[in-house]
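# Fold and geometry: a report
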Amino acid sequence: MLTAVIAFAIVPAILILVLGLVARVVAAQRVTPRVVQYAPERGSTVLRDAVLVDADRRGASAALIDLAVKRKVRLLAGGKREPIGVELMPNAIFTLEELALLEVLFGPDHTPGRARRFSSDRRALAGRVKSLLLNTEHALARDGLIAARRVTWPGVTLTVLAYLGMLVEGLFIVFALIGGDWPALIATLIALAATIATIFVTPAWWRQFLPAAQPKREHLAGLRQYLV
């Protein structure tokens, strides 16, 4: 039975794990900066740059901090019942992207006046932020910087193979326990661990950055190198 476990559990599990690791490396699309950069590229925005470096989760908060640094807004401390907010500074001129960010963060029913508080509905807030970043991604696609569609087939394929492998490994575990074949059981558990690891290491999707995005991503990598 050990031979069957090696052929139908160990080898396939290691193979899909290796493919998952390869997919993770490919998805990273790492760039090496040619020179260290000391300032953002002219005409760039925080949200667009966040998408170009796959830093979506920090994009909205970084854009808000950028508005505070530019003295377009002032951050307001929150209390026990009142969430954190911002105050729009007098005579501040906002771009369309900045106005969209404020509308997303504070919602369409924000308090009137120049002071705005964060929405208390975190689920709705997360949904609006996701939509804003998706719109930013679509804008980058229209500019020819990223592919219109995300790469999803490697993640789907390897995940399906992993679940099929877990089914086969489960059968081997049952047979090994019934037959008292401990070497086969240990080998099957190793295969099962590799299969589960495949699900975690394989990215579900990734953006495909086009050649036109390479200089911008190199600039951002150089800026990160300077900050680090």
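Everything below is about the structure shown above.
Residues numbered from 1 in each chain as written. Predicted model: local features only at pLDDT ≥ 70, side-chain atom pairs only at ≥ 80, totals over all residues. Heavy atoms only, no water.

On to the packing of aromatic side chains, then. Taken as a whole, this structure holds 1 aromatic pair when the rule is applied. Taking 4.7 Å as the distance between ring centres and 75 degrees as the angle between the ring planes, the aromatic pair formed by Y38 and Y226 counts as edge-to-face. Of this pair, Y38 sits in the loop between α1 (2–28) and α2 (46–52) while Y226 sits in helix α8 (residues 214–227); the two residues are 188 residues apart in sequence, bridging distant segments of the chain. For Y38, a relative accessible area of 59% translates into the label exposed. Classification of Y226 by relative accessible area gives partly exposed; the value is 44%. One cation-aromatic arrangement involves R150 over W205; the distance from NZ or CZ to the ring centre is 3.8 Å. Sitting above the plane of the F209 ring, R217 keeps its charged end 4.0 Å from the centroid. (Phe/Tyr/Trp six-rings, centres within 6.5 Å; stacked < 30°, edge-to-face > 60°. Helix = DSSP H or I, 4+ residues; strand = E, 2+ residues; numbered from the N terminus. Buried < 20%, exposed > 50% of the residue type's maximum accessible area, 1.4 Å probe, protein only. Lys NZ or Arg CZ within 6 Å of the ring centre and 35° of its normal.)

Along its 20 residues, helix α7 (residues 182–201) runs 29 Å from first to last C-alpha, staying within 8% of the 28 Å computed at 1.5 Å per residue. Turning to α7, its buried residues number three or more, namely A184, L185, A187, T188, A191, A194, T195, T198 and V201. Elements that come into contact with the buried residues of α7 comprise α1 and α6 (153–179). (Expected span 1.5 Å × (residues − 1). Contact = heavy atoms within 4.5 Å.)

Bringing the packing of α1 against α6 into the picture now. At a minimum axis separation of 10 Å, α1 and α6 run at an interaxial angle of 155 degrees. Classed by the angle they form, the pair α1 and α6 counts as roughly antiparallel. Crossing geometry of α1 relative to α6 is assigned as left-handed. Here A4, V5, F8, A9, A13, I16, L19 and G20 of α1 come into contact with α6, specifically with L158, L161, A162, V168, E169 and F172. (Axes fitted to C-alpha atoms, helices over the stretch in contact; angles between N-to-C directions. Parallel < 35°, antiparallel > 145°, perpendicular 65-115°, else oblique. Left-handed = near helix turned anticlockwise from the far one by under 90°.)

These values are about where atoms sit, not about what they do.
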